[in-house]
Amino acid sequence: MPFELKLTLPNWDDVSKIMHSTFLTSDSKSTLTFMASMIIIAGISLIPNGWLSSLIKSFNDKKSPKVQTPQPQWWVIPILNATVSLVFTTSVLSHLNSPSTVHPFICSACIVYFLGFYGIGFIDSHELQSRPPIFGLSDLAKKEIASSDLKAPPSISRRKQQPQGTYEHDFVKVCGEGSLKGSPRISSSPSGYKSLSDEGLADLVLSQKIKDHTLEKILNPSRAVQVRRIVFSKTLSDQTAIESIPSEPSLDYAKVYGANCEICVGYVPLPLGMAGPLMLNGEKVYIPMATTEGCLVASTNRGCKAITQSGGCKAFIVNDGITRAPCLKCLSAEQAVALAKWSEGEGKQALKESFESTTSFGKLTGIKATVAGKNVYLRLKCFSGDAMGMNMISKGALALISTLLDKFPTVVLVALSGNMCTDKKPSAINWIEGRGKSVVIECTIKKEIVQNTLKTTVDKIVDVNLQKNLIGSAMSASVGGYNAHAANNVTAVFLATGQDPAQNVESSNCITLFEKNAEGDLWMSCTMPSIEVGTVGGGTGLAAQSACLKAIGVKGGGENPGDNAKKLAMVVAGAVMAGEISLIAALAANTLVSAHMAHNRKK
């Protein structure tokens with residue numbers, strides 16, 4: 001049984017009579033003695049209260065298990081003691097100078113406080129056992145904590161549980177107002193989960209009893225990856241895709257040599273995340289994203305959820321054709337004009353035949369000549385099937401130039417690329433004319449989803465987009481940059497699927513538009529005129545990148561030439577749309593910084 005010490009205070013009426021008679025006595029010696037005793041009491045009250053209580057508590061702790069309890073704000077006590085002591089001393093001195101019947105009552109109240117507070121650390125009555133700890137008087141109900149059922153599956157989060165979603169992956173809301181009040185915390189005893197098999201844990205994720213983003217907190221990171229791989233092997237339409245995505249250090253250098261990298265010494269691993277599902281053109285797709293930017297996949301995932309909850313999005317290919325623009329130098333401006341007219345007119349068919357003789361899939365679909373003095377820039381446009389097409393169009397351009405030089409033998413080829421293509425550089429021509437796949441994508445997000453999932457309002461999103469993406473970009477004289485962060489999602493998908501990451505420059509051209517419709521819902525679109533992607537050639541042949549394409553359902557050539565590359569371009573646009581709506585919502589709700597602090601910082 002814990003050691004207890006109770007302190008009984010004297011009767012208030014007795015104390016009052018003693019104090020009153022003492023203060024009113026004419027004997028100065030008695031008064032001075034009383035004042036000295038009161039000052040000693042005040043001094044005692046300033047001694048750190050609880051030192052003796054700590055000794056008693058340590059004695060009790062040896063007999064009972066230690067239970068952590070919430071601690072009160074002890075810093076208030078010294079301030080309160082000093083204030084009461086000052087009132088007491090002032091009252092005594094005032095009474096000596098000008099005796100009054102009020103002073104004894106003030107002093108009596110102070111003495112009662114001193115005696116009561118000095119004894120507070122000793123009191124530990126049974127009546128207080130069931131209450132929360134006040135000034136360290138009592139521990140919480142120890143027996144209830146000690147007897148809690150630890151065999152039940154631990155709670156994933158201490159936050160109020162939200163209603164379960166209706167999709168395969170009802171991911172937690174992130175980068176939004178509601179999710180930033182604190183990251184989900186794992187139960188302090190996750191051993192119940194650790195004892196389960198990987199298959200068992202995967203089933204819990206699929207049944208939404210465990211959120212997949214919390215696996216690293218329940219398990220070790222390596223095992224979390226393996227469990228998540230099982231989850232996606234059961235979720236993706238092609239269940240074998242995840243098997244080819246390496247999770248351990250490995251790379252087939254035989255495939256790298258002669259195709260992807262020279263003087264190779266190894267490889268740099270990038271984390272790969274899966275956002276989704278995104279309902280795109282009536283089909284659920286998952287979006288592989290390779291990135292080192294924390295919160296990017298989570299934010300995109302939130303956007304996917306909002307779009308899918310509202311019925312999904314629709315994407316359309318407006319134009320399709322990769323470009324190359326050789327620079328030709330003529331003897332005079334007159335000859336340059338003649339060459340330009342011949343190329344676009346009577347000579348166009350001959351140039352087309354020369355170009356297409358070099359490729360099975362490539363089709364020359366356009367020639368546009370631009371004259372600058374003696375120079376002519378021929379911007380060639382080529383349909384390249386499922387390949388991104390730069391090698392295809394460059395090879396065809398050389399054959400075309402050979403035919404042209406037969407007609408104009410004094411013309412000189414300055415450079416196969418004259419920078420009017422334009423490849424891997426910002427340019428207005430790509431923004432206006434397009435390059436690669438020109439895509440427009442749209443969706444309507446219900447106002448309830450904007451409020452509940454995105455944690456803001458339709459009006460705020462429309463206003464932020466106007467002031468930031470449209471007016472702000474115009475004031476900065478941006479070319480193709482009328483968006484929030486399209487390049488983030490373009491680059492992440494490019495890295496994951498084996499695209500040329502440098503082509504994110506033109507592929508990220510995007511204008512994001514929002515409107516409030518008649519029903520009060522949010523309509524949005526992203527128009528991207530120059531997405532340059534392929535599903536064959538280049539980095540798409542590497543095992544991991546090929547597996548990511550397989551996960552989307554676009555690996556290799558399509559049933560019809562170009563189908564897979566077009567679908568990949570629309571998936572890129574879908575990722576951009578999801579990222580745009582999530583970021584604009586975070587800006588509208590002013591949760592951007594707190595989101596990154598919560599999700600982009602090591603704890």
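Residues numbered from 1 in each chain as written. Predicted model: local features only at pLDDT ≥ 70, side-chain atom pairs only at ≥ 80, totals over all residues. Heavy atoms only, no water.

Attention shifts here to the packing of helix α19 (residues 486-497) against helix α21 (residues 543-552). In a packed pair of helices, the relevant descriptors are the angle between the two axes and the axis-to-axis distance. Viewed as axis vectors pointing N to C, α19 and α21 meet at an angle of 115°, and their least axial separation amounts to 6 Å. Accordingly, the angle class assigned to the pair α19 and α21 is roughly perpendicular. For the pair α19 and α21, contact is made by Leu495, Ala496 and Thr497 and by Ala544, Gln545, Cys548, Leu549 and Ile552, respectively. Each residue belonging to the contact of α19 with α21 can be placed in one class, and the counts come to six nonpolar, two polar and no charged. (Axes fitted to C-alpha atoms, helices over the stretch in contact; angles between N-to-C directions. Helix = DSSP H or I, 4+ residues; strand = E, 2+ residues; numbered from the N terminus. Parallel < 35°, antiparallel > 145°, perpendicular 65-115°, else oblique. Contact = heavy atoms within 4.5 Å. Nonpolar A, V, L, I, M, F, W, Y, C, P; charged D, E, K, R; others polar.)

Time to look at the packing of aromatic side chains. Enumeration over the complete set of coordinates arrives at three aromatic pairs. With 5.8 Å between their ring centres and 75° between their planes, Trp342 and Phe408 make a pair best called edge-to-face. Placement of the pair is Trp342 in helix α13 (residues 333-344) and Phe408 in the loop between α15 (390-407) and β7 (412-415), with a sequence separation of 66 residues. By relative accessible area, which is 12% here, Trp342 ends up buried. Between Trp431 and Tyr482 the ring centres are 6.3 Å apart and the planes differ by 20°, which places this aromatic pair in the stacked class. Highlighted residues: Trp431 in helix α16 (residues 428-433) and Tyr482 in strand β9 (residues 481-482), separated in sequence by 51 residues. (Phe/Tyr/Trp six-rings, centres within 6.5 Å; stacked < 30°, edge-to-face > 60°. Buried < 20%, exposed > 50% of the residue type's maximum accessible area, 1.4 Å probe, protein only.)

Looking at the secondary structure, you find Thr422 in the loop between β7 and α16. At 2.9 Å, the side chain of Thr422 forms a polar contact with the backbone oxygen of Asn419. (Polar contact = N/O pair within 3.5 Å; in protein donor to acceptor, adjacent residues only side chain to side chain.)

We now examine the confidence of the model for the protein. Averaged over every residue, the pLDDT of the protein is 80; the share at 70 or more is 73%. Confidence over residues 22-29 falls short of pLDDT 50; this stretch has eleven contacts with residues more than four positions distant or in other chains. Taken together, the stretch residues 119-189 has pLDDT below 50 and engages in 134 contacts with residues farther than four places along the chain or on a different chain. (pLDDT = per-residue confidence, 0-100.)

Counting 55 residues, the largest nonpolar core has Ile287, Ile445 and Ile461 as its most contacted members. The biggest single contributor to this core is helix α22 (residues 563-589), with 15 residues. Here Ile287 is in contact with Gly273, Met274, Ala275, Leu278, Cys304, Val493, Val571 and Ala575, once residues within four sequence places are set aside. With 27 residues, the next largest nonpolar core counts Ile322, Met388, Met390 and Val411 among its residues. (Core = buried A, V, L, I, M, F, W, Y, C linked by side-chain atoms within 4.5 Å.)

This part covers a nonpolar patch on the surface. Together, Val87, Val102 and Ile106 make up a nonpolar patch on the protein surface, roughly 220 Å² of accessible area in all. Its location among the elements puts Ile106 in helix α5 (residues 102-118). (Patch = residues over 30% accessible without salt bridge, like charges linked within 9 Å, V, L, I, M, F, W, Y side chains within 5 Å. Areas by Shrake-Rupley, 256 points an atom, 1.4 Å probe, with all protein chains shown as cover. Salt bridge = Lys/Arg side-chain N within 4 Å of Asp/Glu carboxyl O.)

With that out of the way, let us pick up the pattern of salt bridges. Evaluation of the coordinates by the stated rule reveals 14 salt bridges. The shortest N-O distance in the salt bridge between Lys234 and Asp203 comes to 3.1 Å. On the criterion of sequence distance, the pair formed by Lys234 in helix α10 (residues 221-235) and Asp203 in helix α8 (residues 198-206) is long-range, its members being 31 residues apart. Between Glu283 and Lys567 there is a salt bridge, with its nearest N and O atoms 3.0 Å apart. Of this pair, Glu283 sits in strand β2 (residues 283-290) while Lys567 sits in helix α22, and the two are 284 residues apart along the sequence. Connected through shared salt-bridge partners, Asp423, Arg435, Glu506 and Glu532 make up one network.

In terms of burial, strand β11 (residues 522-531) is a largely internal element, eight of the ten residues being buried. Bridging between strand β8 (residues 436-445) and β11 involves eight bridges; their strand directions are antiparallel. Directly across from Ile445, in β11, lies its bridge partner Leu522. Here strand β10 (residues 510-516) runs beside β11; their pairing, made up of six bridges, is antiparallel. Considered in β11, the bridge of Glu515 is made with Trp523. In textbook terms, the turn of a hairpin is the stretch between consecutive antiparallel strands, and for β10 and β11 this stretch comprises five residues, one of which, Gly520, has a positive phi near 85°. (Pairing = 2+ DSSP bridges.)

On to the UniProt feature "transmembrane region" (unreviewed entry) in the protein. Per the UniProt record, the feature "transmembrane region" (unreviewed entry) sits at residues 32-53, 74-96, 102-123 and 568-593. Annotated as 92% helix and 0% strand, the span residues 568-593 places its first and last C-alpha atoms 32 Å apart. (UniProt positions renumbered as here; feature names shortened; annotations may be inferred.)

Further remarks concern α8. Each turn of an α-helix holds 3.6 residues, which means side chains three or four residues apart point in the same direction. Looking only at α8, the buried set comprises Leu201, Ala202, Leu204 and Val205. One side of α8 carries all its buried residues, which in axial view fall inside an arc of 155°. A positive backbone phi angle near 70° is found at Gln208, which sits one or two residues after α8. (Arc of directions from axis to C-beta.)

Turning our attention to the environment of Met392. Tracing the backbone shows Met392 in helix α15. Beyond its immediate sequence surroundings of up to four residues, Met392 is in contact with Phe355, Thr359, Gly362, Cys382, Phe383, Ser384 and Ala387.

Below, the discussion takes up helix α14 (residues 348-356). Restricting attention to buried positions, one finds in α14 the residues Leu351, Ser354 and Phe355. Along the axis of α14, the buried positions cluster into a sector of 100°, meaning they face one direction only. Structurally, α14 contributes buried residues whose contacts are with α13, β5 (363-372), β6 (375-383) and α15.

Moving on: the packing of α14 against α15. In the contact formed by α14 and α15, the axes pass within 7 Å of each other and the chain directions differ by 135°. Of the possible angle classes, the one that applies to α14 and α15 is oblique. α15 is crossed by α14, and the crossing has right-handed handedness. Together, Ala350, Leu351, Ser354 and Phe355 of α14 and Met392, Ile393, Gly396, Ala397, Ala399, Leu400, Thr403 and Leu404 of α15 make up the contact between the two elements. Taken together, the residues of the contact of α14 with α15 sort by class into nine nonpolar, three polar and no charged. (Left-handed = near helix turned anticlockwise from the far one by under 90°.)

This brings us to the environment of Cys330. Residue position: Cys330 is located in the loop between β4 (327-329) and α13. Distance from Cys330 to Phe408, taken between C-alpha atoms, is 8.8 Å for residues 78 residues apart in sequence. Once residues within four sequence positions are removed from consideration, Cys330 is found in contact with Gln335, Ala336, Leu339, Lys374, Val376 and Val411.

Here we take up unusual backbone geometry. In this structure, the amide linkage connecting Gly276 to the following residue, Pro277, adopts the cis form with an omega of 10°. With respect to the helices and strands, the residue Pro277 is situated in strand β1 (residues 272-280). With an omega dihedral of -10°, the bond running from Cys421 to Thr422 counts as a cis peptide bond. The residue Cys295 is not glycine, and still its phi comes out positive at about 85°. For Cys295, the position within the fold is in the loop between β2 and α12 (296-309). The backbone of Asn590 shows a phi angle near 60°, a positive value even though the residue is not glycine. Mapped onto the fold, Asn590 is located in the loop between α22 and α23 (592-599).

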